[in-house]
2 protein chains.
Amino acid sequence: MHEIFKSYLTGQIKLTNEQWQLVFRLWKPTVTKRGEVLLQKGKVSHNTYFVVKGCLGIFLSGDDGHEYTRFLVFEGKFGSAFPSFTTRKPSAASILSIEASQILLLNYRDHQYLLDHIPGWERLFRINLEKEYIYSIQRIESLISMDAKRRYEILLEQNPKLIQRLPSKIVAGYLGISQETLSRLKSKK
Amino acid sequence: MHEIFKSYLTGQIKLTNEQWQLVFRLWKPTVTKRGEVLLQKGKVSHNTYFVVKGCLGIFLSGDDGHEYTRFLVFEGKFGSAFPSFTTRKPSAASILSIEASQILLLNYRDHQYLLDHIPGWERLFRINLEKEYIYSIQRIESLISMDAKRRYEILLEQNPKLIQRLPSKIVAGYLGISQETLSRLKSKK
DNA sequence: TAACAACGTTGACAAATGTCACTAAATCAA
DNA sequence: TTGATTTAGTGACATTTGTCAACGTTGTTA
């Protein structure tokens, strides 16, 4: 798994062999089963993740029992219950392994250690943060300015694999609409 | 203005006098009038801002002529048309001075210069980025999982000054609802 | 294989929200 | 001040979306 990890990061950062060994030691490989819970809501998230294979989902469960999809993490991406991991406060969201997955995880202390001790790591992290922030801004834009149909069309255009790959329940939660509405959007057009 | 800027940042970063002088030289003070346009949509945003006094708004204009409020920047906060500023691509949003304001602005090249040459500046920037990202995640949560009434109640609770201070047109755009719906929410409860 | 659970679709209806038109109130400039 | 412009509130109605229930399909597991 570490070699795949390294190949994703090459181009983003240049490290010596010793530094890679340190990075590998802190990012711990794990495999998960489909449906496995990595974080329960209400608990502090102590880990951040990198997905080598498979898919993680970060979910909000509403008071009404509905599940909303806050974020999805596919191969080659970092993901976490970011607000909880960063602030050390209980998480509003839970993390589930949507598919059987191979992931790497890094705990909070080791995360800080890398930021402090690997030159360039803070930049790598910052640039990934910028990308995620931009993505979240675009999501806010679509949520405040478009109706469900346009949001779906745009998702279909920009991220078709997401729709093909995931159960429509999760896609609906991601778009902020009910499963039934999504089903109707699909059949209409 | 620079002294106020410095007082906001003290606690976040420790710099020598020479370093502060450099920072002050690059962050250029400007005053704006109410309604002044700082960035037109479709143009690349070359500046990032710090608001000393007043308020900036980052707006999306929909095809239908509606204006949506992507972000608001009050005293003591950084703000920009982030996706455009970061990627150097044309901005989907425009930036307006909502009130007559005193601001500092930093262009892209100087931004990179500070990241590269002031030790600790990248960390300062990264930590501010984390806060903004968390805020945007919480906004996504409220947009996908709550109806307009609850979003308004929560905004009223967490950010009452925003509602008091700004025209309700802008507040409605921020919540992703029409002005009329906001007006009805206000009167109902 | 059989039984059971999860998922996706559809209809009927209810609730939320948008649109348009109009009026009242506030703001601003001359 | 006056007149003009912007902004806020409200009613009537249309549209979107949610909710609940039913049903068939798929997938899982004993």
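Cut-offs and rules
Residues numbered from 1 in each chain as written. Chains lettered and ligands numbered in written order. Predicted model: local features only at pLDDT ≥ 70, side-chain atom pairs only at ≥ 80, totals over all residues. Heavy atoms only, no water. Helix = DSSP H or I, 4+ residues; strand = E, 2+ residues; numbered from the N terminus. Rg over C-alpha atoms; globule rule 2.2 N^0.38 Å. Buried < 20%, exposed > 50% of the residue type's maximum accessible area, 1.4 Å probe, protein only. Near = heavy atom within 4 Å. Polar contact = N/O pair within 3.5 Å; in protein donor to acceptor, adjacent residues only side chain to side chain. Nonpolar A, V, L, I, M, F, W, Y, C, P; charged D, E, K, R; others polar. Contact = heavy atoms within 4.5 Å. Buried area = accessible area lost by both parts, 1.4 Å probe. Salt bridge = Lys/Arg side-chain N within 4 Å of Asp/Glu carboxyl O. Axes fitted to C-alpha atoms, helices over the stretch in contact; angles between N-to-C directions. Least-squares fit on C-alpha atoms with pLDDT ≥ 70 in both. Parallel < 35°, antiparallel > 145°, perpendicular 65-115°, else oblique. Left-handed = near helix turned anticlockwise from the far one by under 90°. Core = buried A, V, L, I, M, F, W, Y, C linked by side-chain atoms within 4.5 Å. Pairing = 2+ DSSP bridges.

### Some remarks on the overall build of chain A
Helix and strand counts for chain A stand at 9 helices and 8 strands. Rg of the C-alpha trace for chain A: 17 Å, near the compact-globule value of 16 Å for 189 residues, within the 12% margin. Across its three principal axes, chain A shows a C-alpha extent of roughly 55 × 35 × 30 Å. The buried share among the 189 residues of chain A stands at 51%.

### What to know about the protein's contact with DNA strand D
Residues in close proximity to DNA strand D total 17 residues, the closest being Ala-148, Glu-180 and Thr-181 of chain A together with Ser-168 and Arg-184 of chain B. Considering DNA strand D, the proportion of its atoms within 4 Å of the protein that are sugar or phosphate atoms stands at 52%. Interatomic distance of 3.1 Å between a backbone N/O atom of Ser-178 of chain A and a phosphate oxygen of DNA strand D. Separating a phosphate oxygen of DNA strand D from a side-chain N or O atom of Gln-179 of chain B is a distance of 3.3 Å. When contributions to the surface near DNA strand D are tallied by element, the ones reaching two or more residues are helix H9 (179–188) of chain A together with helix H8 (168–175) and helix H9 (179–188) of chain B. In terms of residue count, the dominant contributor to the surface near DNA strand D is H9 of chain B (5 residues). Residues of the surface near DNA strand D, tallied by class, amount to 3 nonpolar, 8 polar and 6 charged.

### Here's the deal with the interface of chain A and chain B
Where interface size is given, it is often the accessible area lost as the parts come together that is meant. Contact residues are listed per partner, giving 34 residues for chain A and 34 residues for chain B. For the chain A and chain B pair, buried surface summed over both sides reaches about 3300 Å², with 67% attributable to carbon and sulfur atoms. Viewed at the interface, chain B and chain A are joined by 8 salt bridges. Put simply, Glu-122 of chain B and Arg-126 of chain A hold a salt bridge, and the shortest N to O gap is 2.9 Å. Residue assignment for the side of chain A that touches chain B shows that the elements contributing at least two residues are strand S5 (67–73), helix H3 (82–87), helix H4 (108–117), helix H5 (121–145) and helix H8 (168–175) of chain A.

### Regarding the protein's contact with DNA strand C
In the neighbourhood of DNA strand C, 18 residues make up the surrounding shell, with Ser-168, Lys-169 and Arg-184 of chain A together with Ala-148 and Thr-181 of chain B lying closest. Restricting the count to atoms of DNA strand C within 4 Å of the protein gives a sugar and phosphate share of 57%. In this structure, Gln-179 of chain A approaches DNA strand C through a side-chain N or O atom, which is 3.2 Å from a phosphate oxygen. Measuring from a base oxygen of DNA strand C, one finds a side-chain N or O atom of Arg-184 of chain B at 3.4 Å. Counting only elements with at least two residues in the surface near DNA strand C, the list comes to H8 and H9 of chain A together with H9 of chain B. If one sorts the elements of the surface near DNA strand C by residue count, H9 of chain A sits on top with 5 residues. The class makeup of the residues in the surface near DNA strand C is 3 nonpolar, 8 polar and 7 charged.

### Some points on the packing of H4 of chain A against H5 of chain A
Residue and element names in this part refer to chain A. Running from N to C, H4 and H5 cross one another at 115 degrees; their axes reach a closest spacing of 6 Å. Residues His-111, Leu-114 and Leu-115 of H4 form the contact with H5, whose own contacting residues are Trp-121, Glu-122 and Phe-125. Split by residue class, the contact of H4 with H5 holds 4 nonpolar, 1 polar and 1 charged.

### Focus on the relation of the copies chain A and chain B
Here two copies of a chain appear, and what relates them is a rotation about an axis with a shift along it. Note on the copies: chain A fits chain B at an RMSD of 0.0 Å, the axial shift is 0.0 Å, and the rotation between them is 180 degrees. The operation mapping one copy onto its partner corresponds to a two-fold rotation axis.

### A look at the packing of helix H6 (residues 148–158) of chain A against H9 of chain A
All names here are of chain A. At a minimum axis separation of 10 Å, H6 and H9 run at an interaxial angle of 70 degrees. The orientation of H6 relative to H9 falls into the category roughly perpendicular. Crossing handedness for the pair H6 and H9: right-handed. On H9, the residues touching Ala-148, Lys-149 and Tyr-152 of H6 are Leu-182, Leu-185 and Lys-186. Considering only residue class, the contact of H6 with H9 consists of 4 nonpolar, no polar and 2 charged.

### So, the nonpolar core
Counting 86 residues, the largest nonpolar core has Trp-27 and Trp-121 of chain A together with Val-23, Trp-27 and Trp-121 of chain B as its most contacted members. Not counting the four nearest positions on each side in its chain, Val-23 of chain B is found in contact with Phe-5, Leu-15, Leu-114, Ile-118 and Trp-121 of chain B.

### Side note on the side chain of Arg-70 of chain A
Within the secondary structure, Arg-70 of chain A is located in strand S5. By relative accessible area, which is 6% here, Arg-70 of chain A ends up buried.

### Concerning the sheet that holds strand S1 (residues 28–32) of chain A
All names here are of chain A. Pairing is antiparallel across the open sheet formed by 4 strands, whose spatial order is S1-S8-S3-S6. Pairing within the sheet leaves two strands with one partner each, and these edge strands are S1 and strand S6 (78–79). Relative to strand S8 (residues 101–107), strand S3 (residues 47–53) runs antiparallel, the two being bridged by 6 bridges. Of the residues in S8, the one forming a bridge with Lys-53 is Gln-102. Those strands touched by helix H1 (residues 2–9) are S1, S3, S6 and S8, and its axis lies near 95 degrees from that of S3.

### Quick word on the sheet that holds strand S2 (residues 37–39) of chain B
Taken in spatial order, the 4 strands of this open sheet run S2-S7-S4-S5 (chain B), and their pairing is antiparallel. Two strands lie at the open edges of the sheet, namely S2 and strand S5 (67–73) of chain B, each paired on one side alone. Direction aside, the axes of adjacent strands within the sheet are offset by 30 degrees on average. As judged from the 5 bridges shared by strand S4 (residues 56–61) of chain B and strand S7 (residues 93–97) of chain B, these two strands associate in the antiparallel manner. Opposite Gly-57 of chain B, over in S7 of chain B, you have Leu-96 of chain B as the bridge partner. Along the sheet face, H5 of chain A touches S4 and S5 of chain B and points at about 140 degrees away from the line of S5 of chain B.

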